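Inside the fold
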Amino acid sequence: MKQFIVCVLLIIQYSGYSQNKFLPEKPPVFNQCEGVAIDSLQACFDKNVFDFIYNNFKVPQHVYDENYEGEVVVLFEVDTLGHFRVIYTDAIYPELKDEAIRVFSKFPKVEPAAYNTRKTFKQYSIPIKIPLVNQSVVTQDLAVVNKKSKLEEQATREFDSVIADRRVFENKEYTSQLNIPFSHNEYARFGREMNLVGTNSHTGSKPFTYAEVSQYYDFKVEKEKLKKEKSSWGGRKLWNEHLVQLQGKDYWFTIDPVLDMQVGKDADADFNTTFNNTRGVMIQGGLGKNFNFYTTFLESQGRFADYVNRYAESLKAFGPDPAIIPGRGIGKRFKSDAYDYPVAEAYLSYTPSKYFNFQFGQGKTFIGDGYRSLVLSDAASPHPFFKINTNFWKIKYTNTWMWLKDVRPEVEQDKAFLTKYIANHYLSWNVSKRVNIGLFESVIWENSNNRGFDISYLNPIIFYRAIEFQNGQGAGNAILGATAKYKWNDNINLYGQFVLDEFSLSDVKAGEKSWKNKYAYQLGIKYYNAFKVDNLMLQLEYNRIRPYTYSHNTIVLNYAHANESKAHPWGGNFNETILIGRYHYKRWFANAKMIYGVKGFDFNEGTDNFSYGGDIYRDYNDRPFDTGVEVAQGLKTTIFNGNLQAGYLINPASNLKIFADITYRDFNPEANTAATFKNNTTWISFGIRNDLFNWYFDF
């Protein structure tokens, strides 16, 4: 028995010695390092790497001639087969980066690294000194190393491990759940691919995510076609790349400056020039596979064409600020006749599975296939929102909850804007290869009885009209809508919308054109590669909105935000015809747009103060009559707006463009009043901007 115990103790002692001597992690091993003690293998590996670089690296002559002193940073990997692979290089001269890649491709095959006897990948980051010197490291005294604990060793290597985690930037945004910034001009680039007969895409709910569009349109290939061969850092950043682009194993992000610098002339204005001066930053990225983020912050000053300035000041909120810049937000006074208006947009995007995407942020949404949307538009300024996109089978289901503001002085409380809410859902169904139909429902409510954000509307699969009735008359304002699209062929799409705000069948049957029949509709057609011209898109659209649509007898329940409509920017009581042409060739682009409409305004001249149904912020109970209500009633006004724009895409990564723009507007009412009078404008402007959103000046 005593002999057995002695034997066991000897075995335990030997095991303990073995565990101390033979470490679980082993670095890659060159042939020259075979037989070296395991504690010295890393130093041997380092020495052979630096010796090989010193003996094989050839510094280009012009680098020597320019007396350059610096280094080439190389992130490399030894894989499980023992092969060397460069992951990332950084140097001022591209020739130095190319030389580093060449040298590492010549490394001999080695015995791969191991962890617990299993072969594993091993990454290293090293600087190569220029001018070239022999950087062979001297093995440290093991007694010094052994003074550090395992945690201390890990801590001292933590920063280097972060650097070593860096990867070659691969433009992961092109397959991410980030939104593609919604610009009609940019979306036309992939419109045909999204609408080919037989695709199962859903084009009604915008903005699209890159992941949605990348199934039909190869962003990487298309951007590669536009790439300019630039070797210098400045050239690449100006013409091809994000200013900052960084990628690691499980993360990536980009940073870009944002500009919108314009100068122009309004021939009808008293002031000398129009201008816009926007500076800002855009940051976007991803953490892991399922989480993305985006933010832009813009600081702007501007003075626009006279009709735009007058319209902006007509939207004025209560308080000292003189205007609301259409689609952007409140403008403070800048100098004597211009505006200062900061704008911020941001969102978080989370995709837990292929079926769901959740977004929360500050921004805009758009529903429809047209230039205008009668259902939900991006014409008003940004606002907080929460959105759920659900994709399965042939269906895309979008739920959006929005926090809006009523900024009129009539509803001001304690010097704060009144908050109201919108909940809507949009169901898009691909009935067949050619036919898509969509159903839309929206409800608007305010903080009556201090109920705040009503939990009744959080249910994403419920009929809001029923909830509106349950909460009491006047508790909300529900709007119903439908969309449709028919793919005639791969190049021609027909589309339409119908919105029902209020409807009385008995009044329709009576044929008396009742005010209660509040509805709107849209008809349109898109023609891609028109007349066999590649990248030419033509679009014809007709919109008609009856008087009092989108308005309510409880004014805060109108379909609007910050004194702007959440549907068509003209409000109601009009018809409109739009013709658009868009063309791009490589980096060049050109757009043409003509709009002709007839709208009825209110007189508001003392003797006739009735609401004729065009101003959705007026109580529809102020109407002059109940029957005989016709589109464009009241102060009938014809509006023509023509626009030509041409330019050049400087940087596809940040969508930076230079452009020239000319707008002609003829506003011709049947009679002149203080607020509505004949006006003829020719506005010419030139500028440089990042095309990240739609800006509508065609009101």
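First, a word on scope: everything that follows refers to the structure included in this document.

The strand order across the open sheet built from three strands is β1-β4-β5, with neighbouring strands paired in antiparallel fashion. Edge positions in the sheet fall to β1 (25–26) and β5 (118–120), since each has one partner strand and no second. Where strand β4 (residues 113–115) meets β5, three bridges bridge the pair, whose relative direction is antiparallel. The partner of Ala113 across the bridge, within β5, is Thr120.

Our focus in this paragraph is a nonpolar patch on the surface. Judged by side-chain polarity, Tyr355, Phe356, Phe392, Trp393, Trp429, Val431 and Ile437 come together as a nonpolar surface patch covering roughly 670 Å² of accessible area. In this structure, Tyr355 sits in the loop between β15 (343–353) and β16 (356–363). Accessibility expressed as a relative area gives 39% for Tyr355, which makes it partly exposed.

What follows is about the nonpolar core. Side chains of nonpolar character tend, in soluble globular proteins, to be buried together. In this structure, Ile180, Phe190, Val213, Phe219, Phe304, Tyr550 and Tyr559 are the most contacted members of the largest nonpolar core, which totals 66 residues. Filtering out sequence-adjacent residues up to four positions away, Phe190 remains in contact with Ile180, Phe208, Val213, Tyr217 and Phe219. Of all hydrophobic cores here, the second largest spans 32 residues; its members include Cys33, Phe57, Phe107 and Ile126.

Attention now moves to the pairing of strand β21 (residues 435–446). Most of β21 is tucked away, with nine of its twelve residues classed as buried. Relative to β21, strand β20 (residues 418–430) runs antiparallel, the two being bridged by eleven bridges. Within the sheet, the bridge partner assigned to Lys420 lies in β21 and is Glu446. Following β20, the chain reverses through four residues before pairing antiparallel with β21. In this structure, β21 lies alongside strand β22 (residues 477–487), joined through ten bridges in antiparallel fashion. Its bridge partner lying in β22, Val435 is registered against Tyr486.

Summed over the entire model, instances satisfying the criterion amount to one disulfide. There is a disulfide in this structure between Cys33 and Cys44, and the S-S distance comes to 1.9 Å. Around the S-S axis, the bridge from Cys33 to Cys44 shows a dihedral of about -90 degrees and counts as left-handed. Here Cys44 lies in helix α2 (residues 41–56) and Cys33 lies in the loop between β1 and α2, a separation of eleven residues in the sequence. No difference in accessibility class separates Cys33 from Cys44, as the two residues are buried.

A word on the environment of Pro624. Mapped onto the elements, Pro624 comes out in the loop between β29 (588–601) and β30 (635–651). With relative accessibility at 25%, the residue Pro624 sits in the partly exposed group. Residues Pro624 and Tyr612 lie twelve residues apart in sequence; the distance between their C-alpha atoms is 7.2 Å. Setting aside its immediate chain neighbours within four residues, Pro624 contacts Tyr548, Phe610, Ser611 and Tyr612.

Here the focus is the pattern of salt bridges. Side-chain pairs of opposite charge can arise where the charged atoms are in close proximity. For the coordinates displayed, the defined rule picks out 31 salt bridges. With a closest N to O distance of 2.9 Å, Lys47 and Asp51 form a salt bridge. Separated by four residues within a single helix, Lys47 and Asp51 lie in helix α2, roughly one turn from each other. Taking the relative accessible area as the measure of exposure, Lys47 reaches 40% and is therefore partly exposed. Of the residues examined, Asp51 reaches a relative accessible area of 18% and is grouped as buried. Measuring nitrogen to oxygen at the nearest pair gives 2.9 Å for the salt bridge that ties Asp337 to Arg303.

The rules behind these values
- Residues numbered from 1 in each chain as written.
- Predicted model: local features only at pLDDT ≥ 70, side-chain atom pairs only at ≥ 80, totals over all residues.
- Heavy atoms only, no water.
- Pairing = 2+ DSSP bridges.
- Helix = DSSP H or I, 4+ residues; strand = E, 2+ residues; numbered from the N terminus.
- Patch = residues over 30% accessible without salt bridge, like charges linked within 9 Å, V, L, I, M, F, W, Y side chains within 5 Å.
- Areas by Shrake-Rupley, 256 points an atom, 1.4 Å probe, with all protein chains shown as cover.
- Salt bridge = Lys/Arg side-chain N within 4 Å of Asp/Glu carboxyl O.
- Buried < 20%, exposed > 50% of the residue type's maximum accessible area, 1.4 Å probe, protein only.
- Core = buried A, V, L, I, M, F, W, Y, C linked by side-chain atoms within 4.5 Å.
- Contact = heavy atoms within 4.5 Å.
- Disulfide = S-S within 2.5 Å.

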